[in-house]
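Residue-level structure breakdown
Here is what each chain is made of, one letter per residue.
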Amino acid sequence: MTRSLNELRPVYVVGIGWHRYQNPSETPYVELGLTAIRSALADARIEWPAVESSYVATALLGMASGRPMLRHLGATGAPLMHVENASASGSTAFRHACIEVASGISDVALAVGVDKRNPVRRSDTGIGHLAEDAIVPFTHFALLTNEYAVRHNATAEDIALVAVKNHRNGAKNPNAQRQQERTLDEVLGGKRVSGSLTALQCTPIGEGAAAVIVASEDGIRRLGIDAGRAIRTTASVGRSERVYPPGTGFDAALTKETADLALAQAKLAPKDLDIIELHDAFTVEELHYIESIGLCPEGHGVRMLKDGALDIGGQCAINPSGGLIAMGHPIGPTGIGQIGEIVMQLRGEAGPRQHGGARTGLAHMVGVGAVCYVHILQK
Amino acid sequence: MQPNKLLKPDLYFEGSNDREGATVRLKGGRCRCGYVFFPMQSYGCERCGSHGNALTLCELSANGTLLAEATVHLHADKNRPAPFTIVKVALDDGPVIRTLLADDSAPVAPGQRVTGRLAPVGQSESGETVLDLRFSIAS
Ligand SMILES: [Zn+2]
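Everything in this summary refers to the structure shown in the same document. Counting starts from 1 at the beginning of each chain's written sequence and moves along it residue by residue. Chains carry letters and ligands carry numbers; both start at the beginning, A for chains and 1 for ligands, and go up in the order they are written. Confidence filtering applies because this is a predicted model: local features only for residues at pLDDT of at least 70, side-chain atom pairs given and counted only at 80 or more, and all residues used for totals across whole chains, interfaces and linings. As a rule here, side-chain values cover all heavy atoms of the structure and leave hydrogens and water aside.

1. What about the overall build of chain B?
Filter applied, for reference: Only DSSP runs of H or I reaching four residues or more are called helices, and only runs of E reaching two or more are called strands; each is numbered from the N terminus. Exposure is judged per residue with a 1.4 Å probe applied to protein chains only, and the accessible area is read against the type maximum: over 50% gives exposed, under 20% gives buried, and values in between give partly exposed. Contact between two residues is taken to exist if any of their heavy atoms lie within 4.5 Å; hydrogens are not considered. Residue exposure ignores everything except the shown protein chains as possible cover, and the areas themselves are Shrake-Rupley values with a 1.4 Å probe. Charge assignment: positive for Lys and Arg, negative for Asp and Glu; neither His nor the chain ends contribute. A charge is said to be at NZ when it belongs to Lys, at CZ for Arg, at CG for Asp and at CD for Glu.
Looking only at helices and strands, one finds zero helices and ten strands in chain B. Going from N to C terminus, chain B has its helices and strands arranged as β-β-β-β-β-β-β-β-β-β. Summarising its shape, the C-alpha atoms of chain B cover approximately 40 × 35 × 35 Å along the three principal directions. Within chain B, the proportion of its 139 residues that are buried is 45%. Contacts in chain B between residues far apart in sequence, at least 24 positions, make up 46% of those at least 6 positions apart. For chain B, the exposed area adds up to about 7,400 Å²; of that, 48% sits on carbon and sulfur atoms. In chain B, 15 side chains carry a positive charge and 15 a negative one; their mean positions are 6 Å apart.

Here it is as C-alpha cells:
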C-alpha cells in the first residue's frame, strides 16, 4: 500500500533564508548559497551539525556543485544529493527533503537552491524538429497569450495587469530582484519581446539562493526549535506531462491534475487557500494557473485580477513575493523561495506585504519537460 | 533549372505541384493504438509505449487551422534574425505543430485556415535552392 506525505509523520518548515535574487554578478555561487543556508539556520536557531541530510537544487551550475559549497559550513559527513528538474528543481528538492523527514529516515533536512545564469544546455534526443530552435520559452508563452486573449476576449492590457500587481508586491520584498512598482503604461511600453509580451511581463535573468530547513516533531523537541513558528507541509505532489487531447495547453492541464491531487491530499478546496505562489514566468501563466487550480472558472481570471481579489489583502493573494516576474527566477532557488515566502506569510512575519490572517498557502511550479510540483503548507 | 534540396528531409517531402508551387506532406507516425504523432520516430509511442513494428510512417497533410501566432521581436540566435512569426497549427490529420510563418504571408489570426508549403530559404554549396516548410493563409 502506498501513502501520501500527510499520512507519514508530520514534517514542518522550521527555517527559511535567502540570498537576494539579483542581476548576474561576479559573486560566486558558493557565497550565494552559504548566505541563504546560514540565514535559514539562524532563522531556525539551530547549528549546521543538526542537519542530517541536504538536497541541493541547481539547474545551471554543472556537476557536483554542492559539496564545494557545503564544506564551508563544517564538513559533517552528512549525505547530500543534487536535484535538477528544470524550473521545478527547488520544488523537487523540497519534496524529497520532506519525504526523508516524514519517512523517519532523518529528523532535520535542508533543501537549498542556488544558481548562476550559465547557458542552458539540453541534449539532442535524436528526433528532428521543424523550428523548435526558434521557439524559446517566451515565445511558447506568447503563443499561449494569443490563444488566451482570443478565447476569452482578453486584451493585452488585461493580461499585463498581472505584471503591475506582481511588480507592486516585489517592490515590498527585500529579496526580490526587481523592487520597483510599475504602471500599466510602463509595463506595456517596455521593450517588446514576443507577441504581446513586453520585457516587464517576463521573468528577468538572474542569480540567487534560497534555503529551507524541515524537521520532524522529534527534531523540533530535541533541538528546542520554537514550534510556534514551525509551519507544516500538508501536501506534496509531483507529476509529469501526459498525452492530452490535441490543442490542450499542457501547462494548464498538468497544473490542474497536480493541484487537484494536492488539494485532495490536504482535504482542502481552492476557496480555502489564502496565499498562492505560482510559476508566473510570463504574465498569462498566472491567469492560466489560478483557473487550473480552481480559484475561478476558465476565462474568469482577468475579472478576479481587476476586482483586486488576487492582491495582498484580497480573497487569495497570488505571488505576494512578487512572483517570478518581480522576485525573479534564478531556476534552482525559485521553488524553495516560494516555500519560504509562504512560511513567512503564515507566521505573520511578512511585514509590509503581509496578507492578513493567512493560514493556508499553496506553492506551484512547472518545469520544462514538462513536470509540475505542488505543495500545501498550513498553520 | 537547378534541382531543389530540402532543408529537413526527415520531416517532410515534396508532394505534387499545384498553382502556388510544390505542396508538402509531413512525415508523421501512427501507432497501432491509433495515436498519430509528428515527426515520425521509432523510440516508442507516447500514449501507450508500444515500439518497433507498432509504429509506422503516416503521411500528414500540411493543411490545418491556426491556434495561435506570435511575432518574435528578440531572438539571441544570430542565424535567425528577428522579427519572424511562429505559428501553432492544429493539422487536419491530428497533431499540433509549431513552426514559422512564411515571410510573405499576410498577417494571420487564430481560427484561420492555413497551409504549409515549401519555400526557398537559401542556396546549398552546390547551387541548389534549399526549401523549408513555411505556413501561410490557405488560398
Ligand atoms: Zn500507442
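2. With respect to the interface of chain A and chain B
Selection criterion: Buried surface area refers to the total accessible area, computed with a probe of radius 1.4 Å, that the two partners give up upon joining, counted for both partners together. A pair is scored as a salt bridge if a Lys or Arg side-chain nitrogen falls within 4 Å of a carboxyl oxygen belonging to Asp or Glu. Any N or O atom pair separated by 3.5 Å or less is treated as a polar contact, with the protein-specific requirement of one donor-capable and one acceptor-capable atom, and with residues adjacent in sequence counted only for side-chain atom pairs.
On the side of chain B, 32 residues touch chain A, which itself brings 29 residues to the contact. Buried area between chain A and chain B, both sides added, is near 2,600 Å², and the carbon and sulfur share of it is 62%. On the chain A side of the interface with chain B, the three residues burying the most area are Leu130, Leu143 and Val243 of chain A, jointly 28% of the side's total. At the junction of chain A and chain B, the tally comes to three salt bridges. With its nearest N and O atoms 2.9 Å apart, the salt bridge here joins Asp133 of chain A to Arg80 of chain B. Counting the contacts that link chain A with chain B gives twelve residue pairs in polar contact (both at pLDDT 80 or more). Where the side of chain A that touches chain B is concerned, the elements lending two or more residues are helix H4 (137-152) and strand S5 (192-194) of chain A. Among the elements that make up the side of chain A that touches chain B, the one with the highest residue count is H4 of chain A (nine residues).

3. A look at the pattern of salt bridges
Oppositely charged side chains can form a pair if their charged atoms are brought close together. Scanning all chains against the criterion turns up 27 salt bridges over all chains. For Asp43 of chain A, the salt bridge is made with Arg229 of chain A, and the minimal N-O distance between the two is 2.7 Å. With Asp43 of chain A in helix H1 (residues 29-44) and Arg229 of chain A in the loop between helix H7 (217-223) and strand S8 (231-240), this residue pair connects regions lying 186 residues apart in the sequence. Of the two residues examined, Asp43 of chain A and Arg229 of chain A, each falls in the buried class. Between Arg134 of chain B and Asp132 of chain B there is a salt bridge; the shortest N-O distance is 2.8 Å. A single burial state applies to Arg134 of chain B and to Asp132 of chain B, both of which are buried. Salt bridges linked by common partners bring Arg9, Glu52, Asp107, Asp218, Arg221 and Arg222 of chain A together as one network.

4. Some points on H1 of chain A
Residue and element names in this part refer to chain A. What counts here: Expected span of a helix: the number of residues minus one, times 1.5 Å.
Taking 1.5 Å per residue as the helical rise, H1 with its 16 residues ought to reach 22 Å, and the 23 Å between its terminal C-alpha atoms agrees with that figure. Looking only at H1, the buried set comprises Tyr29, Val30, Leu32, Gly33, Leu34, Ala36, Ile37, Ala40, Leu41, Asp43 and Ala44. For H1, the elements touching its buried residues are strand S1 (11-22), helix H2 (67-70), strand S4 (108-115), strand S7 (207-216) and helix H12 (334-347). Note on H1: the residue one or two positions beyond its end, Arg45, has a positive phi of about 55 degrees.

5. Points about the sheet that holds S7 of chain A
Residues and elements named next belong to chain A. This is how the line gets drawn: Strands pair, by our definition, only if DSSP identifies at least two bridges between them. Note on method: axes are straight lines fitted to C-alpha atoms, helices fitted across the in-contact stretch only, with angles between N-to-C directions ranging 0 to 180 degrees.
Ordered in space as S3-S2-S4-S7-S1-S8-S12-S11-S9-S10, the ten strands form an open sheet in which the pairing is mixed. The open sheet terminates on both sides in strands that have one partner only, identified here as strand S3 (80-83) and strand S10 (317-318). As paired strands, strand S11 (residues 360-367) and strand S12 (residues 371-378) are joined by eight bridges and run antiparallel to one another. Bridge pairing links Gly367 to Val371 in S12. Strands S1, S4 and S7 of the sheet are contacted by H1, whose axis makes an angle of about 145 degrees with S1. Across the face of the sheet, helix H8 (residues 250-265) comes into contact with S8, S11 and S12 while running at roughly 145 degrees to S8.

6. Some details on helix H5 (residues 156-170) of chain A
All names here are of chain A. Between its terminal C-alpha atoms H5 stretches 22 Å, which fits the 21 Å expected from 15 residues at 1.5 Å a residue. Within H5, eleven of the 15 residues are buried, which leaves it mostly tucked inside the rest of the structure. Inspection of H5 places Asp158, Ile159, Ala160, Val162, Ala163, Val164, Lys165, Asn166, His167, Asn169 and Gly170 among the buried residues, and these make up the whole buried set.

7. So, the nonpolar core
We count it as follows: Nine residue types can take part in a nonpolar core, namely buried Ala, Val, Leu, Ile, Met, Phe, Trp, Tyr and Cys, and a core is a set of them joined through side-chain atoms within 4.5 Å.
In this structure, Ile276, Ile290, Leu295, Ile318, Leu362 and Ile376 of chain A together with Ile86 of chain B are the most contacted members of the largest nonpolar core, which totals 61 residues. Tallying contributions element by element places H4 of chain A first for this core, with six residues. What Ile290 of chain A contacts, discounting residues up to four positions off in sequence, is Leu278, Leu295, Cys296, Gly301, Met304, Leu310 and Ile318 of chain A. Counting residues in each nonpolar core, the second largest holds 35 residues, with Trp18, Ala210, Val212 and Ala317 of chain A among its members.

8. Quick notes on the side chain of Asp158 of chain A
All names here are of chain A. Along the chain, Asp158 turns up in helix H5. Polar contacts involving the side chain of Asp158 include one to the main-chain amide nitrogen of Thr155, which spans 3.0 Å. Every residue in contact with Asp158, bar those within four places of it in the chain, is listed here: Val302, Leu305 and Lys306.

9. Section: the coordination of the zinc ion
All names here are of chain B. Inclusion rule: For Na, K and Ca the donor cutoff is 3.2 Å, while for all other metals N, O and S atoms count as donors only within 2.8 Å; water does not appear among the atoms, so some sites may look incomplete. Angle rules define the geometry names used: all angles between 85 and 135 degrees makes four donors tetrahedral, while opposite donors over 155 degrees apart and all other angles between 65 and 115 make four donors square planar and six octahedral, leaving every other case irregular.
Within the protein, the atoms that donate to the zinc ion are Cys31 (SG), Cys33 (SG), Cys45 (SG) and Cys48 (SG), at distances of 2.3 Å. Each of the four donor atoms around the zinc ion contributes to a set of angles spanning 103 to 115 degrees, which defines the coordination as tetrahedral. All donors to the zinc ion come from one chain, and their sequence spacing reads C-x1-C-x11-C-x2-C. Taken together, the residues Cys31 in strand S3 (residues 21-31) and Cys48 in the loop between strand S4 (36-37) and strand S5 (55-61) connect sequence positions 17 residues apart. Cys31 gets classed as buried once you look at its relative accessible area, which sits at 2%.

10. Examining the packing of aromatic side chains
All names here are of chain A. Short version of the rule: We call Phe, Tyr and Trp rings a pair once their centres come within 6.5 Å, taking the six-membered ring for Trp, and we label the pair stacked below 30 degrees between planes, edge-to-face above 60, and tilted otherwise.
Across all of its chains, the model carries two aromatic pairs over all chains by this definition. Considering the side-chain rings of Phe141 and Phe282, the 5.1 Å spacing of their centres and the 20 degrees angle between planes classify their relative orientation as stacked. Highlighted residues: Phe141 in helix H4 and Phe282 in the loop between strand S9 (275-277) and helix H9 (283-293), separated in sequence by 141 residues. Judged by relative accessible area, which is 7%, Phe141 ranks as buried.

11. Focus on empty space enclosed by the protein
Sizing a probe to match a water molecule and rolling it over the atoms shows the empty space that remains. Residue and element names in this part refer to chain A. Heads up, the condition is: Cavities and pockets are found on a 1 Å grid laid over the protein atoms alone: a cavity is a set of points where a 1.4 Å probe fits but cannot escape, a pocket is an open set with protein on both sides within 12 Å along at least five of seven lines, and a lining residue has an atom within 4 Å of such a point. Grid points are joined across faces, edges and corners, and a volume is the space filled by probe spheres set on the points. Three classes are used, and their members are as follows: Ala, Val, Leu, Ile, Met, Phe, Trp, Tyr, Cys and Pro are nonpolar, Asp, Glu, Lys and Arg are charged, and the others, Gly among them, are polar.
If you walk through the whole model with that rule in mind, you get two cavities of 30 Å³ or more. What lines the largest cavity is Tyr21, Glu277, Ser321, Gly323, Leu324, Met327, Gly328, Thr334, Gly337 and Gln338. Contributing to the lining of the second largest cavity are Leu144, Gly249, Asp251, Ala252, His288 and Tyr289. Counting residues per element, the ones that place at least two in the lining of the second largest cavity are H8 and H9. Classifying every residue of the lining of the second largest cavity gives three nonpolar, two polar and one charged.

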